[in-house]
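Notes for the structure review
Each chain, written out:
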Amino acid sequence: DAVMTQTPLSSPVTLGQPASISCRSSQSLVHSNGNTYLNWLQQRPGQPPRLLIYDISKRFSGVPDRFSGSGAGTDFTLTISRVEGEDVGIYYCMQATHFPRTFGQGTKVEIK
Amino acid sequence: DVHLLESGGDLVQPGGSMRVACAASGFTFSNYGMSWVRQAPGKGLEWVSTISSGGGNTHYSDSVKGRFTISRDNSRDTLFLQMNSLKVEDTARYYCVTDVGPVGPLYDNWGQGTLVTVSS
């Protein structure tokens, strides 16, 4: 199984400052078709998860451009360029290259 | 608009059975693989099962294999999860999610979830 490890698990951030979350997989997430199915999800309190980024770096429809994804192979990063109040929540990386699908433990982003 | 509406969650005793359903609308259901993802209270996300668009291929997590069965009815745009031999640790909110579609396994549409509580 592809074990997904996120760091940090908690990220207190000042409004307007950047935040960065790392996600490392225990195995390559490159699919046999050449794509890398690494997604980032946001879960606000009391809400279902919401897709932010797919295929490492593609911003999903309606997602603000302050969110960006990067990485390759086994190491990936989600960056929020300037944190806003509505960004408070838990962020998960997940891989959909292999079965079983696996999620990171989640990173809680909160405002200092 | 895409809409996924889960139903069927309830309180059940350990060892019992339950079937949860997900009614889909706003997209061509039969073009998408579908998954169930669960979240225990206060915990992270856990993938449970996936079924291919036509229903011919299924995958399960080790924690539910042999106890849960995923199925779908494309004529009714509905996804199901039959859960047998339920354990206390199956207590969670169960989300229905779009998996493999025309652009790939985006996990881009989530229902609100249905709460399954296993307790005596």
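Our subject is the structure listed above.
Notes on the structure follow.

About the criteria used
- Residues numbered from 1 in each chain as written.
- Chains lettered and ligands numbered in written order.
- Predicted model: local features only at pLDDT ≥ 70, side-chain atom pairs only at ≥ 80, totals over all residues.
- Heavy atoms only, no water.
- Phe/Tyr/Trp six-rings, centres within 6.5 Å; stacked < 30°, edge-to-face > 60°.
- Buried < 20%, exposed > 50% of the residue type's maximum accessible area, 1.4 Å probe, protein only.
- Pairing = 2+ DSSP bridges.
- Helix = DSSP H or I, 4+ residues; strand = E, 2+ residues; numbered from the N terminus.
- Contact = heavy atoms within 4.5 Å.
- Buried area = accessible area lost by both parts, 1.4 Å probe.
- Salt bridge = Lys/Arg side-chain N within 4 Å of Asp/Glu carboxyl O.
- Polar contact = N/O pair within 3.5 Å; in protein donor to acceptor, adjacent residues only side chain to side chain.
- Disulfide = S-S within 2.5 Å.

Each aromatic ring pair is described using two quantities: the centre-to-centre distance and the angle formed by the ring planes. All names here are of chain B. Tallying each qualifying case throughout the model produces 7 aromatic pairs over all chains. For the pair F27 and F29, a centre-to-centre distance of 6.3 Å together with 65° between the ring planes defines the contact as edge-to-face. Given the relative accessible area of 15%, F27 is considered buried. Relative accessible area serves as the criterion here: at 1%, F29 is assigned to the buried category. Ring geometry for Y107 against W110: centres 6.4 Å apart, planes inclined by 55°, an arrangement best described as tilted. Under the relative-accessibility criterion, Y107 is labelled buried at 0%. Looking at W110, the relative accessible area reads 11%, which means it is buried. The structure contains a cluster of three or more aromatic residues connected by ring pairs, namely F27, F29 and Y32.

Another point: the pairing of strand β3 (residues 18–25) of chain B. Residue and element names in this part refer to chain B. As defined by bridge partners, strand β1 (residues 3–7) adjoins β3 across 5 bridges and the pair is classed as antiparallel. Bridge pairing links S7 to A21 in β3. Taken together, the 6 bridges between β3 and strand β8 (residues 78–83) define a ladder with antiparallel strand orientation. From the neighbouring strand, A21 faces β8, where its bridge partner is F80.

Below, the discussion takes up the interface of chain B and chain A. In this complex, chain B contributes 20 residues to the contact, which on the side of chain A involves 17 residues. The contact between chain B and chain A buries some 1600 Å² in all, and 68% of this surface belongs to carbon and sulfur atoms. Counting across the chain B and chain A interface gives 1 salt bridge. Between chain B and chain A we count 5 residue pairs in polar contact (both at pLDDT 80 or more) in total. Those elements that provide at least two residues to the side of chain B that touches chain A are β4 (34–39) and β5 (45–51) of chain B.

What follows covers the state of the cysteines. Formally, a disulfide is one covalent bond, and it connects the sulfur atom of one cysteine to the sulfur atom of another. All told, the structure shown has 2 disulfides over all chains when counted by the stated rule. With its sulfur 2.1 Å from that of its partner, A:C23 forms a disulfide with A:C93. Between A:C23 and A:C93 the disulfide shows an S-S torsion of about 75°. By sign, it is right-handed. Of this pair, A:C23 sits in strand β3 (residues 19–25) while A:C93 sits in strand β9 (residues 89–95); the two residues are 70 residues apart in sequence, bridging distant segments of the chain. With a relative accessible area of 0%, A:C23 lands in the buried category. Each sulfur of the disulfide joining B:C22 and B:C96 lies 2.1 Å from the other. Disulfide B:C22-B:C96: the torsion about the S-S bond is -70°, which places it as left-handed.

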